[in-house]
Amino acid sequence: MLVLGTGTSHGVPMIGCECGTCRSTDPRDKRSRASILIQTHDGPAVLVDTTPDLRMQALAHGVKRVDAIVYTHSHADHVMGLDEVRRFNVMQKSAIPCYGDEQTLEDLKRIYSYIFSPDAPRGAGIPQVVLSRIVGEFCIGAATLMPVPLHHGGRQILGYRVGSLAYLTDCSAIPDTSWPLLNGVRILILDALRERPHPTHMSLQQALDVVERLRPERAFFTHMCHDLPHAATCARLPAGVELAYDGLAFEIDL
Ligand SMILES: [Zn+2]
Ligand SMILES: [Zn+2]
Ligand SMILES: [Zn+2]
């Protein structure tokens with residue numbers, strides 16, 4: 001399990017910002033856009049979202065294989081790197097299945113009309129992907145993925161439960177019907193944008209309240225803006241709770 005990116009939509013450092021976090025030399029304060037790669041020794045490598053930083057994330061962490069892509073939602077910071085999967089198509093000599101909810105797939109077809117429109121001129125290298133709509137639990141090789149509906153402001157998006165792991169980025173609240181899907185989660189990766197409340201993301205305190213209710217063994221926060229410097233913020237979090245950082249890796253049970 002590899003955390004590829006932990007930043008909010010602007011990334012950290014932000015263009016033109018001279019704050020302490022944006023100027024920090026701590027590598028954990030360099031946050032590319034939020035994404036993870038779920039991988040096991042012999043199982044498939046499942047990429048969650050294709051961020052605008054996908055190319056640099058793959059280069060930085062030696063990602064050489066992507067067997068499937070799973071989307072949380074279609075905001076730009078989660079989809080704008082889809083074109084980069086052409087390299088995986090070439091190396092793997094195959095198309096890559098892409099899973100998402102109905103809204104996300106519709107948006108992908110519109111944003112990437114050069115891939116999906118039957119009228120688009122052919123010939124140039126375009127990503128080879130096969131879209132699949134998510135309707136409940138689904139399997140990718142040995143991995144079973146349970147979609148976890150989340151409120152992201154006024155929009156409903158998907159988090160994912162995979163074995164003992166839950167990945168819940170871009171959420172402002174967890175709907176009542178989704179809590180049972182999170183029973184027994186041992187590792188939780190959860191949205192925590194900043195201290196101040198925000199209409200579409202959890203604040204640090206809201207994220208801590210979720211941790212208190214779910215009581216995972218370890219909780220990692222993600223999708224953070226520059227308001228949360230890594231070392232200083234981690235120092236005041238409870239035991240077992242930390243900010244994730246780009247390149248964080250750990251084992252999970254599928
Ligand atoms: Zn986002
Ligand atoms: Zn800054
Ligand atoms: Zn979003």
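Before any of the text, the structure's been laid out above.
Below or above, wherever it landed, is the structure these notes cover. Position labels on residues start from 1 in each chain and follow its written sequence. Whichever chain is written first becomes A and whichever ligand is written first becomes 1, with later ones labelled in order. Side-chain atom pairs in this predicted model are given and counted only at pLDDT of 80 or more, local residue features only at pLDDT of at least 70, and totals for whole chains, interfaces and linings cover all residues. Note that the side-chain values use all heavy atoms of the structure and ignore hydrogens as well as water.

## Looking at helix H4 (residues 102-111)
Basically, it comes down to this: Partly exposed residues are those whose accessible area sits between 20% and 50% of the maximum for their type, while under 20% is buried and over 50% is exposed, using a 1.4 Å probe and protein chains only. Helix and strand assignments follow DSSP, with helices taken as H or I runs no shorter than four residues and strands as E runs no shorter than two, numbered in order from the N terminus. As used here, the arc belongs to the directions running from the helix axis to the C-beta atoms.
Among all positions in H4, only Thr104, Leu105, Asp107 and Leu108 are buried. Projected down its long axis, H4 shows its buried positions confined to an angular sector of 160°, all on one face.

## Section: the coordination of the zinc ion (ligand 2)
To be explicit about the condition: Each metal's donors comprise the N, O and S atoms found within 2.8 Å of it (within 3.2 Å for Na, K or Ca). Water is not part of the atom list, so some coordination spheres may appear incomplete. Any site counts as irregular unless it has four donors with all angles between 85 and 135 degrees, making it tetrahedral, or four or six donors with opposite ones more than 155 degrees apart and the rest between 65 and 115, making it square planar or octahedral.
Within the first shell, the zinc ion (ligand 2) binds the protein through Cys17 (SG), Cys19 (SG), Cys22 (SG) and His226 (ND1), at distances of 2.0 to 2.3 Å. Coordination at the zinc ion (ligand 2) is tetrahedral, judged from the four donor atoms that bind it and the angles of 104 to 114° they form at the metal. Positions of the donor residues of the zinc ion (ligand 2), expressed as sequence spacing, correspond to C-x1-C-x2-C-x203-H. Placement of the pair is cysteine 19 in the loop between strand S1 (2-5) and strand S2 (35-38) and histidine 226 in the loop between strand S12 (218-222) and helix H7 (230-235), with a sequence separation of 207 residues. Overall, histidine 226 belongs to the buried group, its relative accessible area being 18%.

## With respect to the sheet that holds strand S8 (residues 143-152)
The following threshold applies: The criterion for strand pairing is that DSSP finds at least two bridges linking the strands in question. Angles shown run from 0 to 180 degrees and are taken between the N-to-C directions of axes, each axis being a line fitted to C-alpha atoms and, for helices, limited to the stretch in contact. It only takes one pair of heavy atoms within 4.5 Å for two residues to be counted as in contact.
The strand order across the open sheet formed by seven strands is S7-S8-S9-S10-S11-S12-S13, and the pairing between neighbours is mixed. The two strands at the open ends of the sheet, each matched to only one other strand, are strand S7 (138-140) and strand S13 (241-243). Recorded for the sheet is a direction-independent mean angle of 25° between the axes of neighbouring strands. With three bridges connecting them, strand S9 (residues 155-162) and strand S10 (residues 165-168) associate as antiparallel partners. Within S10, the position partnered with tyrosine 160 by the bridge is tyrosine 167. Of the strands in this sheet, strand S11 (187-191), S12 and S13 touch helix H6 (residues 204-214), which is tilted by about 155° from S11.

## Overview of the coordination of the zinc ion (ligand 1)
For the zinc ion (ligand 1), the protein coordination sphere consists of Asp77 (OD), His78 (NE2), Asp170 (OD) and His223 (NE2), at 2.1 to 2.3 Å. For the zinc ion (ligand 1), the four donor atoms are set out with angles of 92 to 163° between them, so the coordination reads as irregular. For the zinc ion (ligand 1), all donor residues lie on one chain, and their spacing in sequence is D-H-x91-D-x52-H.

## A short note on the pattern of salt bridges
Heads up, the rule is: Think of a salt bridge as a Lys or Arg side-chain nitrogen and an Asp or Glu carboxyl oxygen that are within 4 Å of each other.
Taken as a whole and judged by the stated rule, the model has 13 salt bridges. Between arginine 155 and aspartate 107 there is a salt bridge; the shortest N-O distance is 3.6 Å. Taken together, the residues arginine 155 in strand S9 and aspartate 107 in helix H4 connect sequence positions 48 residues apart. With its nearest N and O atoms 3.1 Å apart, the salt bridge here joins glutamate 217 to arginine 186. Of this pair, glutamate 217 sits in the loop between H6 and S12 while arginine 186 sits in the loop between S10 and S11, and the two are 31 residues apart along the sequence.

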